[in-house]
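Now for the letters of each chain:
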Protein chains: 2
Amino acid sequence: MTGRRNDPQGLRRRILDAAFDRFVARGYAATPLQDLRAESGATGGAFAHHFPTKKALALAVIEDRVAEAVARAWIEPVERAPTAREGVALAFERIAAGLEAQGEVRGCPLNTLALEVAGQDAELSAAAAALFARWRGAIATKLRADLAAGRLRPLDAEAAAAFVVAAYSGAMAQARAAQDPSLLRLCAAETDRWLAAGG
Amino acid sequence: MTGRRNDPQGLRRRILDAAFDRFVARGYAATPLQDLRAESGATGGAFAHHFPTKKALALAVIEDRVAEAVARAWIEPVERAPTAREGVALAFERIAAGLEAQGEVRGCPLNTLALEVAGQDAELSAAAAALFARWRGAIATKLRADLAAGRLRPLDAEAAAAFVVAAYSGAMAQARAAQDPSLLRLCAAETDRWLAAGG
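Residues numbered from 1 in each chain as written. Chains lettered and ligands numbered in written order. Predicted model: local features only at pLDDT ≥ 70, side-chain atom pairs only at ≥ 80, totals over all residues. Heavy atoms only, no water.

K.L.:
What's the story with the packing of aromatic side chains in this structure? I'm lost.
P.N.:
Remark: the centre distance and the inter-plane angle together describe each pair of aromatic rings, the angle taken between the planes. Residues and elements named next belong to chain A. Taken as a whole and judged by the stated rule, the model has 19 aromatic pairs over all chains. Considering the side-chain rings of phenylalanine 47 and phenylalanine 51, the 6.4 Å spacing of their centres and the 65° angle between planes classify their relative orientation as edge-to-face. Neither phenylalanine 47 nor phenylalanine 51 differs from the other in exposure class; each is buried. Seen from the ring of tyrosine 28, lysine 54 lies directly overhead, with NZ or CZ sitting 4.9 Å from the centre. (Phe/Tyr/Trp six-rings, centres within 6.5 Å; stacked < 30°, edge-to-face > 60°. Buried < 20%, exposed > 50% of the residue type's maximum accessible area, 1.4 Å probe, protein only. Lys NZ or Arg CZ within 6 Å of the ring centre and 35° of its normal.)

Given below as structure tokens:
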């Protein structure tokens, strides 16, 4: 315990890791704070020092852990790929391969948390909406670069970006319910065909 | 109360209506049974007679109310339309017009509940997965009829149906987070363009 008391940033990280994991896997309302205290090894006082309320914790989970997950799974591959189409295909491919390796479909962290908190808190919902907007923005920026370089037939980059995010989010919802990653593969192939045709 | 006691099916309906409403708007875990008892005017004993557990209530909500919502919003318009493309466009249009009239985006009942219960109970999740499959099945059946009649370029009807459901579900998730029905309109237009091009 002494080591933990002397490492407040380590404790904050452990709490966020545990909360991200449980909120996405099980749900925000369904996770008792007591479980997160036990899992992170925090005393009540240390926990409350970092996160005075469950809502403060959820906001940090969204703005820190969920934002990181969206950046790693989607924004970075799209930004680094030669074209939007290749970036989108790579993001789908890595996620589908990850689900197949895990043998379990845990679902998209943003989609899962966004839908739950939408009914519970306007500020949490706005934080989730901002991440969806950032994700769409990265895809739209890449699509506009493709358009400027003549690599795509004319399309509305904002609408196409919303459609890619929708196809992925909705595919993950179906895959999670059925515990079947092949639904993600089917939608990845359709998204690719649609982008190949110029959106 | 006498009238209510003499109308067990009416009481069951009121409980299901209240539960559907709260589970979709606020969440399954976040809704105390006590609120549903109060709203439906049920005594504890009468409530427990119809729904001995919260899970039994959630299963009935999914298999009865959510199934009805999917049938009315999607399966019936698609089955009755001349083509899958027209049925899909009509479903999107009615839902978008409804959101604009309400001035509030409550989200897709199936998507919202499916993502939450997936982490909490395998039987509830399987019930949600069965509704997704029925929804995809209705669209795939219509697409196969269009293919047989030469009204569509060759496509994989199962994959295309999963893609339509994904595009809609993911569009509603973004629209709900941002409280902005225009995200649904954008994705409806992209889905229509994709189907017009033959999937």
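On we go from here.
K.L.:
Just checking my understanding: could you explain the environment of lysine 142 of chain A for this structure?
P.N.:
Residues and elements named next belong to chain A. On the secondary structure map, lysine 142 appears in helix H8 (residues 122-148). A residue is classified by how much of its surface remains accessible, and lysine 142, at 14% relative accessible area, is buried. Along the chain, lysine 142 and valine 24 lie 118 residues apart, while their C-alpha atoms are 29 Å from each other. In this view, lysine 142 contacts Val78, Glu79, Arg80, Ala81, Pro82, Thr83 and Ala84; residues no more than four positions away in its chain are not counted. (Helix = DSSP H or I, 4+ residues; strand = E, 2+ residues; numbered from the N terminus. Contact = heavy atoms within 4.5 Å.)

K.L.:
I tried to follow the packing of helix H6 (residues 84-102) of chain B against helix H10 (residues 182-196) of chain B on my own but got confused; where do I start?
P.N.:
How two helices pack is summed up by the angle between their axes together with the distance between the axes. Residue and element names in this part refer to chain B. Packing of H6 against H10 brings their axes to within 10 Å, and their N-to-C directions diverge by 175°. By the angle between their directions, the pair H6 and H10 is classed as roughly antiparallel. Contacts between H6 and H10 involve Arg85, Val88, Ala89, Phe92, Glu93, Ile95, Ala96, Ala97, Leu99 and Glu100 from the first element and Leu184, Arg185, Ala188, Thr191, Asp192, Leu195 and Ala196 from the second. Split into classes, the residues belonging to the contact of H6 with H10 amount to 11 nonpolar, 1 polar and 5 charged. (Axes fitted to C-alpha atoms, helices over the stretch in contact; angles between N-to-C directions. Parallel < 35°, antiparallel > 145°, perpendicular 65-115°, else oblique. Nonpolar A, V, L, I, M, F, W, Y, C, P; charged D, E, K, R; others polar.)

K.L.:
Help me understand the relation of the copies chain B and chain A, please; the structure alone is not making it clear to me.
P.N.:
Here the second copy of the chain follows from the first by a rotation about an axis and a shift along it. It takes a turn of 180° to lay chain B on chain A, together with a shift of 0.0 Å along the axis; the resulting RMSD is 0.0 Å. As the rotation angle and translation indicate, the two copies are arranged about a two-fold axis. The share of interface residues of chain B whose copies in chain A are also at the interface is 100%, consistent with both copies meeting through the same surface. (Least-squares fit on C-alpha atoms with pLDDT ≥ 70 in both.)

K.L.:
Whenever I open this one, the nonpolar core confuses me. Can you help?
P.N.:
Within soluble globular proteins, side chains that are nonpolar generally end up buried alongside one another. Counting 140 residues, the largest nonpolar core has Trp74 of chain A together with Trp74 of chain B as its most contacted members. Beyond its immediate chain neighbours, meaning those up to four positions away, tryptophan 74 of chain A contacts Val88, Ala91, Phe92, Ile95, Trp135, Ile139, Val164 and Tyr168 of chain A. (Core = buried A, V, L, I, M, F, W, Y, C linked by side-chain atoms within 4.5 Å.)

K.L.:
Could you clarify how one ought to interpret helix H5 (residues 54-80) of chain B in this entry?
P.N.:
Side chains three or four residues apart in an α-helix point the same way, a direct result of the helix having 3.6 residues per turn. The terminal C-alpha atoms of H5 of chain B lie 36 Å apart, and with 27 residues this matches the ideal 39 Å at 1.5 Å per residue to within 8%. Of all the bends found along H5 of chain B, the most pronounced is centred on alanine 71 of chain B and spans about 45°. (Expected span 1.5 Å × (residues − 1). Bend = angle between axes of the 7 residues up to and from the residue.)

K.L.:
What should I look at first to understand the interface of chain B and chain A in this one?
P.N.:
Interfaces are frequently sized by the accessible area removed from exposure as the parts join. Between chain B and chain A, the residue contacts involve 38 residues of the former and 38 residues of the latter. Interface area for chain B against chain A, summed over the two sides, is near 3300 Å², with a carbon-plus-sulfur share of 67%. On the surface where chain B and chain A come into contact, there are 10 residue pairs in polar contact (both at pLDDT 80 or more). Elements that contribute at least two residues to the side of chain B that touches chain A include exactly helix H7 (109-118), helix H8 (122-148), helix H9 (157-178) and H10 of chain B. If you tally residues by element for the side of chain B that touches chain A, the top one is H9 of chain B, at 15 residues. Of the residues in the side of chain B that touches chain A, the class split is 23 nonpolar, 10 polar and 5 charged. (Buried area = accessible area lost by both parts, 1.4 Å probe. Polar contact = N/O pair within 3.5 Å; in protein donor to acceptor, adjacent residues only side chain to side chain.)

As far as function goes, none of this settles anything; it's purely spatial.
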